[in-house]
Amino acid sequence: QVQLVESGGGLVQAGGSLRLSCAASGSISSINFMGWYRQAPGKQRELVARITSGGSTNYADSVKGRFTISRANAKTVFLQMNSLKPEDTAVYYCNLENVISRANYWGQGTQVTVSS
């Protein structure tokens, strides 16, 4: 149906930057939201950032001013992460939501580790 594949995670020092990419494939509507969620050990999965097909964005308060979400097209999304902090350490998941059906699709996750 729909598959999402993330890339760009890794290990960085505090204050560093990473750029995550997500590529979707399959039966994808051009009208969708794409976003990034993260989950740290012992915590719930939380929304980091999302972007609509029209380019509107929203961010978690904890990443505002540091992270930027963008998309190249209906099936490709990026997350530029700057000024990384140890508390950003988590598995980051790409998400696609069909705005009509409300179906959600998830990537396998990519580990981001920020050392102090």
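Here the structure is shown first, and the text comes after it.
Rules of the game
By convention here, each chain's residues receive numbers from 1 onward along its written sequence. Local features in this predicted model are restricted to residues whose pLDDT is 70 or higher, and side-chain atom pairs enter the listing and the counts only when it is 80 or higher, whereas totals over whole chains, interfaces and linings include all residues. Hydrogens and water are ignored here; the side-chain numbers use all heavy atoms of the structure. When a carboxyl oxygen of Asp or Glu is within 4 Å of a side-chain nitrogen of Lys or Arg, the pair counts as a salt bridge. To qualify as a helix, a DSSP run of H or I must reach at least 4 residues; to qualify as a strand, a run of E must reach at least 2; elements of each kind are numbered from the N terminus. Between buried and exposed lies partly exposed: a residue is buried under 20% and exposed over 50% of the maximum accessible area for its type, with that area taken using a 1.4 Å probe on protein chains only. Each Phe, Tyr or Trp ring, with Trp reduced to its six-membered ring, pairs with another whose centre is within 6.5 Å; inter-plane angles below 30 degrees give stacked pairs, above 60 give edge-to-face pairs, and intermediate values give tilted ones. Working rule: Lys NZ or Arg CZ, within 6 Å of ring centre, within 35 degrees of ring normal, means a charge sits over the ring. Each pair of strands is called paired provided DSSP finds at least two bridges between the two strands. To obtain an axis, a line is fitted to C-alpha atoms, over the contacting stretch when the element is a helix, and the angle between two such axes runs from 0 to 180 degrees between their N-to-C directions. Definition used in this section: a nonpolar core is a set of buried Ala, Val, Leu, Ile, Met, Phe, Trp, Tyr and Cys residues joined via side-chain atoms within 4.5 Å. The contact criterion used throughout is that any non-hydrogen atoms of two residues lie within 4.5 Å.

Let us now look at the pattern of salt bridges. Two side chains carrying opposite charge are able to pair once their charged atoms lie near each other. Applying the stated criterion across every chain yields a total of six salt bridges. The partner of Glu97 in a salt bridge is Arg50, and the shortest N-O contact between them spans 2.7 Å. Remark: Arg50 occurs in strand E5 (residues 46-51) and Glu97 occurs in strand E9 (residues 90-98); sequence separation between them is 47 residues. The residues Glu97 and Arg50 share a single accessibility class, namely buried. Between Lys64 and Asp61 there is a salt bridge whose closest N-O contact spans 3.0 Å. Beyond isolated ion pairs, a larger network of salt bridges with shared partners links Arg38, Glu46, Arg66 and Asp88.

Within the structure shown, the criterion is met by one aromatic pair. Geometry around Phe78 places Arg19 over its ring, the cationic atom sitting 4.2 Å from the centre. Seen from the ring of Trp106, Arg45 lies directly overhead, with NZ or CZ sitting 4.6 Å from the centre.

So, on to the sheet that holds strand E1 (residues 2-7). Within the open sheet, the four strands sit side by side as E1-E3-E8-E7. Their pairing is antiparallel. Among the strands making up the open sheet, the edge pair consists of E1 and strand E7 (67-73). Geometrically, the sheet is characterised by an average inter-axis angle of 15° between neighbouring strands, direction not taken into account. Of the pairings in the sheet, the one linking E7 to strand E8 (residues 76-81) comprises six bridges and is antiparallel in character. Residue pairing for E8: Arg71 is matched across the bridge by Val77.

Next up on the list: the pairing of E8. Within E8, five of the six residues are buried, which leaves it mostly tucked inside the rest of the structure. Strand direction decides the pairing type here: strand E3 (residues 18-26) and E8, joined by six bridges, are antiparallel. Residue pairing for E8: Cys22 is matched across the bridge by Val77. Counted along the chain from E7 to the antiparallel partner E8, the turn is two residues long.

What follows is about the nonpolar core. Formed by 27 residues in total, the largest nonpolar core has its most connected members in Trp36, Leu79, Met81 and Tyr92. Looking at this core, the elements that each hand over two or more residues are E1, E3, strand E4 (32-39), E5, E7, E8, E9 and strand E11 (110-115).

So, on to unusual backbone geometry. A positive phi angle, close to 50°, is found at Ser83, a residue other than glycine. Turning to its location among the elements, Ser83 is positioned in the loop between E8 and E9. One non-glycine residue, Arg102, lies in positive phi territory at about 65°. By the element assignment, Arg102 lies in the loop between E9 and strand E10 (104-106).

Moving on, we come to the environment of Val91. The topology assignment puts Val91 in strand E9. Look past the residues within four positions of Val91 in its chain and what remains in contact with it is Tyr37, Arg38, Gln39, Gly109, Thr110 and Gln111.

All we've got here are geometric facts, nothing functional implied.
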